[in-house]
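# What the coordinates show
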Amino acid sequence: MEIKRIILRQIKMDLLHPFTTSVGTETDKTIILVEVKSASGISGWGESVAITQPIYNEETVETNWHMMSDHLIPLLQGEAVQHPDEVSGRFKKIRGNFNAKAAIEGAVWDLYAKENNLSLAKALGGTKERIEVGVSVGIQQSEALMLKQIEDYLKEGYKRIKVKIQPGWDIGIIRSIRREFPKIPLMADANCAYSLNDLETLKALDEFDLMMIEQPLDHDDIIDHAKLQSQLKTPICLDESIHSFEDARKAIELGSCKIINLKIGRVGGLTESKKIHDLCVEHNIPMWCGGMLEAGIGRAHNIAITSLGNFTLPGDTAPSSHYWKRDIIQPEVEMKDGYIVVPEAPGIGYELDLEQIEALTMYSKVFHF
Ligand code: MG
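Residues numbered from 1 in each chain as written. Predicted model: local features only at pLDDT ≥ 70, side-chain atom pairs only at ≥ 80, totals over all residues. Heavy atoms only, no water.

### Looking at the overall build of the chain
The number of helices and strands found in the chain is twelve helices and 15 strands. In summary, the chain has a C-alpha radius of gyration of 20 Å against a globular reference of 21 Å for 369 residues, a match within 12%. Dimensions of the chain along its principal axes, counting C-alpha atoms only, are 60 × 40 × 35 Å. Here the chain holds 369 residues, and 57% of them are scored as buried. The contacts in the chain between residues at least 6 apart in sequence include a share of 70% that link residues at least 24 apart. Of the roughly 15700 Å² of accessible surface on the chain, 49% is carried by carbon and sulfur atoms. Distance between charge centroids for the chain: 2 Å, based on 40 positive and 54 negative side chains. (Helix = DSSP H or I, 4+ residues; strand = E, 2+ residues; numbered from the N terminus. Rg over C-alpha atoms; globule rule 2.2 N^0.38 Å. Buried < 20%, exposed > 50% of the residue type's maximum accessible area, 1.4 Å probe, protein only. Contact = heavy atoms within 4.5 Å. Areas by Shrake-Rupley, 256 points an atom, 1.4 Å probe, with all protein chains shown as cover. Lys, Arg positive; Asp, Glu negative; His and termini not counted. Charge placed at Lys NZ, Arg CZ, Asp CG, Glu CD.)

### A few points about the pattern of salt bridges
Inspection of every chain in the model, using the stated rule, returns 20 salt bridges. Between Arg-249 and Glu-253 there is a salt bridge, with the nearest N and O atoms lying 3.1 Å from each other. Note that Arg-249 and Glu-253 are positioned in helix H9 (residues 245-254) at a spacing of four residues, about one turn of the helix. The exposure class assigned to Glu-253 is exposed, which follows from its relative accessible area of 63%. Between Glu-272 and Lys-275 there is a salt bridge; the shortest N-O distance is 3.9 Å. Placement of the pair is Glu-272 and Lys-275 together in helix H10 (residues 270-282), with a separation of three residues, close to one helical turn. Within the structure, one salt-bridge network assembled from shared partners comprises Arg-160, Lys-162, Lys-164, Asp-189, Glu-214 and Asp-316. (Salt bridge = Lys/Arg side-chain N within 4 Å of Asp/Glu carboxyl O.)

### Describing the coordination of the magnesium ion
Here the magnesium ion is held by Asp-189 (OD), Glu-214 (OE) and Asp-239 (OD), and the distances to it run 2.3 to 2.5 Å. Donor residues for the magnesium ion sit on one chain with the sequence pattern D-x24-E-x24-D. Of this pair, Asp-189 sits in strand E7 (residues 186-189) while Asp-239 sits in the loop between strand E9 (236-238) and H9, placing them 50 residues apart in sequence. Each member of the pair, Asp-189 as well as Asp-239, is classed as buried. (Donors = N, O, S within 2.8 Å, 3.2 Å for Na, K, Ca; no water.)

### Description of the environment of Leu-293
By the secondary structure assignment, Leu-293 is in the loop between strand E11 (287-289) and helix H11 (296-306). Note on Leu-293: relative accessible area 16%, which makes it buried. Separated by 158 residues in sequence, Leu-293 and Val-135 place their C-alpha atoms 12 Å apart.

### Details of helix H3 (residues 98-115)
Since one α-helical turn is 3.6 residues long, residues separated by three or four positions face the same way. For H3, which comprises 18 residues, the first-to-last C-alpha distance of 25 Å matches the rise-based estimate of 26 Å (1.5 Å per residue) to within 8%. Across the 18 residues that make up H3, a large majority, 16, are buried. (Expected span 1.5 Å × (residues − 1).)

### Describing the domain arrangement of the chain
By the assigned domains, the chain splits into domain 1 (3-117 + 351-368) and domain 2 (122-341). Here domain 1 and domain 2 have C-alpha centroids that lie 24 Å from each other. Counting residues at the interface gives 35 residues for domain 1, matched by 33 residues for domain 2. Of the roughly 3000 Å² buried between domain 1 and domain 2, counting both surfaces, carbon and sulfur atoms make up 63%. Between the two partners, domain 1 and domain 2, sit two salt bridges. Counting the contacts that link domain 1 with domain 2 gives 19 residue pairs in polar contact (both at pLDDT 80 or more). Here the side of domain 1 that touches domain 2 takes ten residues from H3, the largest share from any one element. When grouped by side-chain class, the residues that make up the side of domain 1 that touches domain 2 number 20 nonpolar, six polar and nine charged. (Domains from an automatic or database assignment. Buried area = accessible area lost by both parts, 1.4 Å probe. Polar contact = N/O pair within 3.5 Å; in protein donor to acceptor, adjacent residues only side chain to side chain. Nonpolar A, V, L, I, M, F, W, Y, C, P; charged D, E, K, R; others polar.)

Written out as structure tokens, the structure is:
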């Protein structure tokens, strides 16, 4: 591959529904897009999942812009990159900053797949023609609203329901959901809200036949999760704690989890994602792909990685219309009967809506090679 230019764009997109977190309500999302242009005139696209505040991990949109501009892109200038697997090696001396690394590496992967006339899914070794879609339900203002929301999602065809839990919004709400929907594939995501002091509460969840409980303990822990897993029947799924192949290896060795949620941006890219996938195959650890409120490009990357064989559980890659008034790809990602078809066209398999991207761009920066 002969990279001629990299273009960074910062765009702002309107969310279809306001998104409420512990720090407030967001009505739009600021996103960095990476376009890697080759001498052949083909462009590969990547998207950073970093948000404006360092509340999921330490990264933000601003730190990503700085890391990409001043540290990561310069490491690709000079000697040509032959294969996208080389990109993570070039970036290795820079610690952390996985969202920023993954966005650039993802664009290089897309370019590589397009230049080789392969879908990104095929280029990664994906085998599935369609993927199962689950949905995540946030903490609601009342139990009735939660049950109504779940009923609506089930009607739309989603293959599993994930509910966010936190102390005070856990056993009671799960019991009510199970009373109403005894058989649905149901899981709970605790987003690090508990400690080992909450052992009795977490053990009480065992009676509800949950597919898994996701990241109950600290964002950087694998030791206490191992202690907890030994006491629980419900499988623990790790999300925030897994940043690399090495983290996954250690967590599996310790018995900290029985399932892994993979997020490409959290582990620094598709090459590392493939390595974690293969490790999980070896150890019989089922996987699924998590979501970070991606726009179309990031969503397409998630679909491609989910086409690999060991993503056996429904992921969080919902259709575009679940989040956006208008996405930045064409056609938008669509779901039918709870499935998304893996596109076969070269690269990410969707056309970029360049007019929409242009309209949303707040500023951009071009790097010449
Ligand atoms: Mg999670």
